[in-house]
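Each chain, letter by letter, is given below.
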Number of protein chains: 2
Amino acid sequence: MSTGSPAHDGSARDVSRAGRLAAERLDVDRLDTGRLAAERPEGYDPRAFEPFAVTVDLAVFTIRAGQLHTLLIRRGEPPYAGRWALPGGFLHARESAEDAARRELAEETGLPDALVADLQLEQLRTYSAPDRDPRMRVVSVAYTALVPDLPEPAASGGGDADQARWTPVATVGPLAFDHAAILADALDRTGAKLEYTCVATAFCPPEFTLGELQQVYETVWGATLDRPNFRRKVLASPGFVTPVPGASRLTGGRGKPAALYRRGPATTLHPPLLRPR
Amino acid sequence: MSTGSPAHDGSARDVSRAGRLAAERLDVDRLDTGRLAAERPEGYDPRAFEPFAVTVDLAVFTIRAGQLHTLLIRRGEPPYAGRWALPGGFLHARESAEDAARRELAEETGLPDALVADLQLEQLRTYSAPDRDPRMRVVSVAYTALVPDLPEPAASGGGDADQARWTPVATVGPLAFDHAAILADALDRTGAKLEYTCVATAFCPPEFTLGELQQVYETVWGATLDRPNFRRKVLASPGFVTPVPGASRLTGGRGKPAALYRRGPATTLHPPLLRPR
DNA sequence: CCCTTTAATAGTCGAGGTGACTATAAAAAG
DNA sequence: CTTTTTATAGTCACCTCGACTATTAAAGGG
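Just so we're clear, the structure is a prediction, and the values are computed from it rather than from any experiment.

### Re the overall build of chain A
Across its full length, chain A holds 6 helices and 9 strands. Taken across its 277 residues, chain A has 53% of its residues classed as buried. In the form shown here, chain A has an accessible surface area of approximately 11900 Å², with 54% of it arising from carbon and sulfur atoms.

### Here we look at the protein's contact with DNA strand C
Of all residues adjacent to DNA strand C, which total 23 residues, the nearest are Arg227 and Arg231 of chain A together with Arg232, Lys233 and Gly253 of chain B. Of all atoms in DNA strand C that approach within 4 Å of the protein, 63% are sugar or phosphate atoms. With respect to DNA strand C, the backbone of Ala259 of chain A contributes an N or O atom lying 2.8 Å from a phosphate oxygen. Within the contact set of DNA strand C, a base nitrogen lies 3.2 Å away from a side-chain nitrogen or oxygen of Arg232 of chain B. When contributions to the surface near DNA strand C are tallied by element, the ones reaching two or more residues are helix H6 (227-236) and strand S9 (258-263) of chain A together with helix H6 (227-236) of chain B. A breakdown of the residues in the surface near DNA strand C according to their chemical character gives 8 nonpolar, 5 polar and 10 charged.

### Things to note about the environment of Pro276 of chain A
All names here are of chain A. Its place among the elements puts Pro276 in the segment after S9. The class for Pro276 is partly exposed, based on a relative accessible area of 41%. A sequence separation of 55 residues divides Pro276 from Trp221, and the C-alpha atoms of the two residues are 9.1 Å apart. In contact with Pro276, other than residues within four places in its own chain, are Trp221, Ala223 and Leu225.

### Considerations on the environment of Asp185 of chain B
Residues and elements named next belong to chain B. Mapped onto the elements, Asp185 comes out in helix H4 (residues 179-196). Residue Asp185 is classed as buried on the basis of its relative accessible area of 12%. Each C-alpha atom of the pair Asp185 and Arg125 lies 8.5 Å from the other, and the pair is 60 residues apart in sequence.

### A few points about the side chain of Thr190 of chain B
Within the secondary structure, Thr190 of chain B is located in helix H4. Those residues in contact with Thr190 of chain B, other than ones at most four positions away along the chain, are Phe61, Thr144, Leu146, Phe203 and Val220 of chain B.

### With respect to the domain arrangement of chain A
All names here are of chain A. Here chain A is described as being made up of domain 1 (19-194) and domain 2 (197-263). On the side of domain 2, 14 residues touch domain 1, which itself brings 15 residues to the contact. On the domain 1 side of the interface with domain 2, the three residues burying the most area are Ile63, Lys193 and Leu194, jointly 47% of the side's total. If you look at where domain 1 meets domain 2, you find 0 salt bridges. Between the two partners, domain 1 and domain 2, sit 3 residue pairs in polar contact (both at pLDDT 80 or more). Secondary-structure elements contributing two or more residues to the side of domain 1 that touches domain 2 are strand S1 (53-64), strand S2 (67-74) and helix H4 (179-196). Here the side of domain 1 that touches domain 2 gets 4 residues from one element, more than from any other, and that element is H4. Its residues assigned to classes, the side of domain 1 that touches domain 2 shows 7 nonpolar, 6 polar and 2 charged.

### A look at the protein's contact with DNA strand D
The immediate surroundings of DNA strand D are formed by 22 residues, with Arg232 and Lys233 of chain A together with Arg227, Arg231 and Ala259 of chain B found nearest. Counting only atoms of DNA strand D within 4 Å of the protein, the fraction found in sugar and phosphate groups is 63%. In this structure, Asn229 of chain A approaches DNA strand D through a side-chain N or O atom, which is 2.9 Å from a base nitrogen. Between a base oxygen of DNA strand D and a side-chain N or O atom of Arg232 of chain A, the distance comes to 3.0 Å. Among the elements of the structure, H6 of chain A together with H6 and strand S9 (258-263) of chain B are those that each provide at least two residues to the surface near DNA strand D. Top contributing element to the surface near DNA strand D by residue count: H6 of chain A, with 4 residues.

About the cut-offs
- Residues numbered from 1 in each chain as written.
- Chains lettered and ligands numbered in written order.
- Predicted model: local features only at pLDDT ≥ 70, side-chain atom pairs only at ≥ 80, totals over all residues.
- Heavy atoms only, no water.
- Helix = DSSP H or I, 4+ residues; strand = E, 2+ residues; numbered from the N terminus.
- Buried < 20%, exposed > 50% of the residue type's maximum accessible area, 1.4 Å probe, protein only.
- Areas by Shrake-Rupley, 256 points an atom, 1.4 Å probe, with all protein chains shown as cover.
- Near = heavy atom within 4 Å.
- Polar contact = N/O pair within 3.5 Å; in protein donor to acceptor, adjacent residues only side chain to side chain.
- Nonpolar A, V, L, I, M, F, W, Y, C, P; charged D, E, K, R; others polar.
- Contact = heavy atoms within 4.5 Å.
- Domains from an automatic or database assignment.
- Buried area = accessible area lost by both parts, 1.4 Å probe.
- Salt bridge = Lys/Arg side-chain N within 4 Å of Asp/Glu carboxyl O.

Quick look at the structure:
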């Protein structure tokens, strides 16, 4: 947590990692990684090495009109036909879970590849309950992504735009599979990450005002913050934001124009910006 | 992060979750979860739905003789024959990853089932680099467990005791597969969790002195802490520890006997106990 | 053009947490 | 009995933070 990416991004590490002993379906004697045959418990079940399907699911958040939105996709086929679900899909044969998440995000949101490439993408948790899919065993690696408010709505990428939509998290109804639990976990994690990392700027455009940054915190936390104190805290955190010299923008039309900032080089907040209560 | 288990324990939730749409190997048209056929990119590869093997790996930590130790197992077969590795194994057909981790932990450490059942067990991260196993595709869900210093060394459970050992993390050599990276991630995470959760007591026996608790922090962080200040902080955190009335224990033989405490009901630390610098 | 409104920015003050430090109490060793 | 050792109690300055007030710079209405 000290100096690493706020998203606990491990893809670069993943790629350079050596492989791990694995099952070969017809060679049961060599299947049980890391354990000797002598150590195996009695009742050893060959079905233990049944293959699994592996998917990624994405909780993508943005802030639009002062409300936290998440990207949902309407399912067209059973089970859960007609239900909304998190975007996601299967791992391809030669890609890591993070690569798959990035690919799915690009495909389903139609974001330019350049934007997707350097996006905040954090591995949330892996969901592996045996009955989470009624038809077969599926293990899913969930990721969280934070994006700025997009000029173009989601699913502009060629597909049926009606099938993918930004939905205010407050109005999200029942979701397919265990996606409601994944979404809840993602919300918890995102709120917590705002406290001790600089990821809040991921919700903002390249240049933003401190008022807009504060709105990110207030929207995600569902709390109101004291503006002078928030300002003092952010400016006192080295590397959180860097001022754009001479630049300012009229925020609401009225009032004093606000100075503009860009995201700084820091990824963690020392000390943290704790949410009230 | 607010009131949940410090280990982000999601097993209870997992079990109650509905299943997720999955691949059926002979029904390619229904394989791509959450996406319509119209949305699929060209060059769609049927091998994308190749089955994966899913394993769990365990970074088990304990403190012994003032040093942080981790449980390692010596591999008996290639690849990496003779190398040390983290304990772990394959998911069985009808168990969640957390259940598998708990089962593997019980099998490989020989701990009493009762102890394993209510153990701190936290999902760390999922490792999915395509080349992490030279023979086939293996996705591994890594867990971290913190245990008190065990009277009996590891692998007392029937097997070849020479194949499993507590090893000081400072002297861990090269490990099999990407286990060195997993171990490093687990160390990072454990150090960070000590700051804002109460998991440190997981390293201690049921009754412990504040000096022993402080040693946990000092050992994991590799730093020395001021004793009066540590004491003040711990006692000021409601629910972190509860005193055992009238009980005391001679710690080193010499000196004033220390009061005994048990772990309290709290799981998170407000405000956090930040490590120095 | 002046005055009001609105929002950003600057500054103040006290409570509380924390680091560094000193002092006392209770045990064993000599 | 004295020394040593370790737990425990207490002190003090600094720094952060929450709550609050004051000033500045824009738009809008008369």
